[in-house]
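# Breakdown of the fold
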Amino acid sequence: MKKIIVISSGKGGVGKTTTAVNLGAAMNHFGKDVVIVDGNLSTPNIGIHLNSPEVPISLNDVLKKRAELNEAIYQHHSGLKIIPSSLSIKELKKTKLKRLKELKKELNKLSEHIIIDSAAGLGEEAISAIEMADELILVTNPEMPAITDALKTIKLAEQQKIPVTGVIVTRVRQDKIELQPETVKEMLEVPVMGMIPEDITIKKAVNEKNSVIHTHPRSKPARAYKEIAARLFDIEYDSRKERPSFLKRIFKKEK
Ligand code: ADP
Ligand code: MG
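In short, a report on the structure. (Residues numbered from 1 in each chain as written. Chains lettered and ligands numbered in written order. Predicted model: local features only at pLDDT ≥ 70, side-chain atom pairs only at ≥ 80, totals over all residues. Heavy atoms only, no water.)

Before going further, it helps to examine the overall build of the protein chain. Looking only at helices and strands, the protein chain has 12 helices and 8 strands in total. For 255 residues, the compact-globule formula gives about 18 Å, and the C-alpha radius of gyration of the protein chain, at 17 Å, lands near that figure. Oriented by its inertia axes, the alpha-carbon framework of the protein chain measures out at about 55 × 40 × 35 Å. Taken across its 255 residues, the protein chain has 52% of its residues classed as buried. Considering only intrachain contacts with a sequence separation of at least 6, the fraction spanning at least 24 residues in the protein chain is 76%. When the accessible surface of the protein chain is split by element, carbon and sulfur atoms take 51% of a total near 12200 Å². Across the protein chain, the centroid of the 42 positively charged side chains sits 3 Å from that of the 33 negatively charged ones. (Helix = DSSP H or I, 4+ residues; strand = E, 2+ residues; numbered from the N terminus. Rg over C-alpha atoms; globule rule 2.2 N^0.38 Å. Buried < 20%, exposed > 50% of the residue type's maximum accessible area, 1.4 Å probe, protein only. Contact = heavy atoms within 4.5 Å. Areas by Shrake-Rupley, 256 points an atom, 1.4 Å probe, with all protein chains shown as cover. Lys, Arg positive; Asp, Glu negative; His and termini not counted. Charge placed at Lys NZ, Arg CZ, Asp CG, Glu CD.)

As a further point, take the packing of helix α1 (residues 16–29) against helix α11 (residues 220–232). Relative orientation of the contacting elements α1 and α11 amounts to 60°, with a least axis distance of 8 Å. Classified by the angle their axes make, α1 and α11 are oblique. Where α1 crosses over α11, the handedness of that crossing is right-handed. Contact residues: α1 offers T18, T19, N22, L23, A26, M27 and H29, while α11 offers Y225, K226, I228, A229 and L232. Of the residues assigned to the contact of α1 with α11, the class counts are 7 nonpolar, 4 polar and 1 charged. (Axes fitted to C-alpha atoms, helices over the stretch in contact; angles between N-to-C directions. Parallel < 35°, antiparallel > 145°, perpendicular 65-115°, else oblique. Left-handed = near helix turned anticlockwise from the far one by under 90°. Nonpolar A, V, L, I, M, F, W, Y, C, P; charged D, E, K, R; others polar.)

Here we come to helix α7 (residues 144–159). Over its 16 residues, α7 runs 23 Å from end to end, which matches the ideal 22 Å to within 8%, given 1.5 Å per residue. Among the residues of α7, A146, I147, A150, T153, I154, L156 and A157 are the ones counted as buried. Structurally, α7 contributes buried residues whose contacts are with β1 (4–8), α6 (124–130), β6 (135–140), β7 (164–172) and α8 (181–188). K161 occupies a position one or two residues after α7 and carries a positive phi of about 60°. (Expected span 1.5 Å × (residues − 1).)

Our focus in this paragraph is the pairing of strand β5 (residues 113–117). Of all 5 residues that make up β5, 5 are buried, and the element is covered over most of its length. Burial of β5 is two-sided: the residues H113, I115 and D117 facing one way and the residues I114 and I116 facing the other way are all buried. Both β1 and β5 contribute to a ladder of 4 bridges, which runs parallel. Along β5, the bridge assignment pairs I7 with D117. (Pairing = 2+ DSSP bridges.)

As a further point, take the site of ligand 1. The full set close to ligand 1 counts 13 residues, and K16, T17, T18, R171 and P197 are the nearest of them. Separating an oxygen atom of ligand 1 from a backbone N or O atom of V14 is a distance of 3.1 Å. When the free accessible area of ligand 1 is taken as 560 Å², the share hidden by the protein chains comes to 84%. Secondary structure elements with two or more residues in the shell around ligand 1: α1, β8 (192–197) and α9 (200–207). Among the elements that make up the shell around ligand 1, the one with the highest residue count is α1 (3 residues). (Near = heavy atom within 4 Å. Polar contact = N/O pair within 3.5 Å; in protein donor to acceptor, adjacent residues only side chain to side chain.)

In total, this model carries 14 salt bridges according to the counting rule given. Between K94 and E91 there is a salt bridge; the shortest N-O distance is 3.7 Å. Here E91 and K94 lie together in helix α4 (residues 89–94), a separation of 3 residues that amounts to about one turn. Taking the relative accessible area as the measure of exposure, K94 reaches 42% and is therefore partly exposed. (Salt bridge = Lys/Arg side-chain N within 4 Å of Asp/Glu carboxyl O.)

The relative placement of two aromatic rings is captured by the distance of their centres and the angle of their planes. For the coordinates displayed, the defined rule picks out 1 aromatic pair. On the basis of an interplanar angle of 75° and a centroid distance of 5.6 Å, the ring pair of F30 and Y237 is categorised as edge-to-face. With F30 in the loop between α1 and β2 (34–38) and Y237 in the loop between α11 and α12 (246–250), this residue pair connects regions lying 207 residues apart in the sequence. (Phe/Tyr/Trp six-rings, centres within 6.5 Å; stacked < 30°, edge-to-face > 60°.)

Right, let's get into the side chain of S128. By the element assignment, S128 lies in helix α6. Overall, S128 belongs to the buried group, its relative accessible area being 5%. Residues contacting S128, with those up to four places away along its chain left out, are L97, K98 and L100.

Turning to the sheet that holds β6, a few remarks are in order. If you walk across this open sheet you meet the 8 strands as β3-β4-β2-β5-β1-β6-β7-β8, and the pairing is mixed. Strands at the two margins of the open sheet, each flanked by one partner only, are β3 (74–75) and β8. Summarising the sheet, β1 and β6 pair through 4 bridges and their orientation is parallel. Within β6, the residue paired with V6 across the bridge is L136. Contacts from α7 reach β1, β6 and β7, with the element oriented near 170° to β6. Of the strands in this sheet, β6, β7 and β8 touch α8, which is tilted by about 135° from β8.

Here is the structure:
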C-alpha cells in the first residue's frame, strides 16, 4: 500500500469523510500508523467527526505558512491522528488551495500512511487533493448519479497518471433498485474494494464523535471497513469471527 491515499468521489454526500475516518481507524486497528488530513477545506468535516471542530492550529495555518505541518496534528482519544481544517469562512478565503500540493514532501515524512479526505466535484479544491495522491480510492453509492460522477473522477486521475486502487461502495441497502457490485465494477472498470451497508451505527458513531470501529466494533460497517483495511495490507482477518452473538443479533444490539 502506498503512502498518500486520497479519498475522492465526484458526487458529494456519498460517504467520503465517513470512509476516511473509518478506514483510518481500521488501519490503526491493525497497528498501522496513519494521519487523516482534512483536504476538504471549503466544507471541512474531519474535526466534526472526531471531536475537534475548532483547533488552535489548522491545515489553513500551515497553507498560509503560519505554522508547521506537525503543529497541526491532533490525536483523538481513540488514538487516531488528524490534521483538521478551519471551519471559518474568513480563514478559507485567505487560504491558497493550490499550496496543498506543496505539502506533499512534508506529508511523506509525517507518518507511515496519510489519508486525505477531499472535496466533492472536480473543482480546484478536489483536483488539488487528487494531485497529491500516490493512490486514489473512490467512494460511491450504488446508484447511477454517483457512479457517473465517480467515472469523471477516474478519468481525471487517469489523465494525471494517478493510480486508482478501487472503489468503496457505501450506504448499500441491498434493495431491488440499487446497482449490483458487478455492474459498478463494469461501469467504473476498477476493483470494488468493499461494500459498506447503510447502518444506524454510522450515525451513532458520528454522534459520539468517534469512528464506528471504536463505538461499534462488531457492527456490519465496522467489520466491512476492517475487511478493506486488512486486504490493503494483506492481513488475515475473518470478519465472521467478530459477528455479534446470535442473541444480540436478534435483539439488534450492534456491539
Ligand atoms: P461526504 O464526505 O462524501 O460528503 P459523508 O461521509 O459526510 O459524505 O456522509 C454523508 C452522510 O451519509 C452523513 O450523514 C453520514 O453519516 C451518512 N453515511 C455515510 N455512510 C453511511 C452508512 N454506511 N450508513 C448510514 N449512513 C451513512
Ligand atoms: Mg465530506
